[in-house]
Amino acid sequence: MSEIKKKVTEGYKKIENGVVEGYKKIENGVVDGFNKVSDKCVEVLFAKDGESVEDAKKRLSGNVAREEDSTSEQ
């Protein structure tokens, strides 16, 4: 009986690994797609002339003001 149990357990592990790998691929695809759409929206709607997407995101999040405050204190 233990041999059958071992084979069944191995089969379940293979299925589990396949499901996890498939989920990770889907998750990465969704996140990458969201980031592309988000970057394009920031570029088109919020970036000023000549401003990069990263700079526009920093400006919009308020990180630029915090960074300037911390450098002026030094």
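Residues numbered from 1 in each chain as written. Predicted model: local features only at pLDDT ≥ 70, side-chain atom pairs only at ≥ 80, totals over all residues. Heavy atoms only, no water.

Peer 1: Explain a nonpolar patch on the surface here, please?
Peer 2: A grouping of Ile4, Val8, Tyr12, Ile15 and Val19 is seen on the molecular surface, where their side chains present a nonpolar patch of about 530 Å² in accessible area. Positionally, Tyr12 belongs in helix H1 (residues 2-46). (Patch = residues over 30% accessible without salt bridge, like charges linked within 9 Å, V, L, I, M, F, W, Y side chains within 5 Å. Areas by Shrake-Rupley, 256 points an atom, 1.4 Å probe, with all protein chains shown as cover. Salt bridge = Lys/Arg side-chain N within 4 Å of Asp/Glu carboxyl O. Helix = DSSP H or I, 4+ residues; strand = E, 2+ residues; numbered from the N terminus.)

Peer 1: How do you make sense of the pattern of salt bridges when you look at a structure like this?
Peer 2: Pairing between side chains of opposite charge can happen when their charged atoms approach one another. Summed over all chains, the structure comprises 4 salt bridges. In this structure, Glu16 and Lys13 form a salt bridge, with 3.8 Å as the shortest nitrogen-oxygen distance. Of this pair, Glu16 and Lys13 both sit in helix H1, 3 residues apart, which is roughly one turn of that helix. Classification of Glu16 as partly exposed rests on a relative accessible area of 41%. (Buried < 20%, exposed > 50% of the residue type's maximum accessible area, 1.4 Å probe, protein only.)

It is worth stressing that arrangement in space is one thing and function is another; only the former is reported here.
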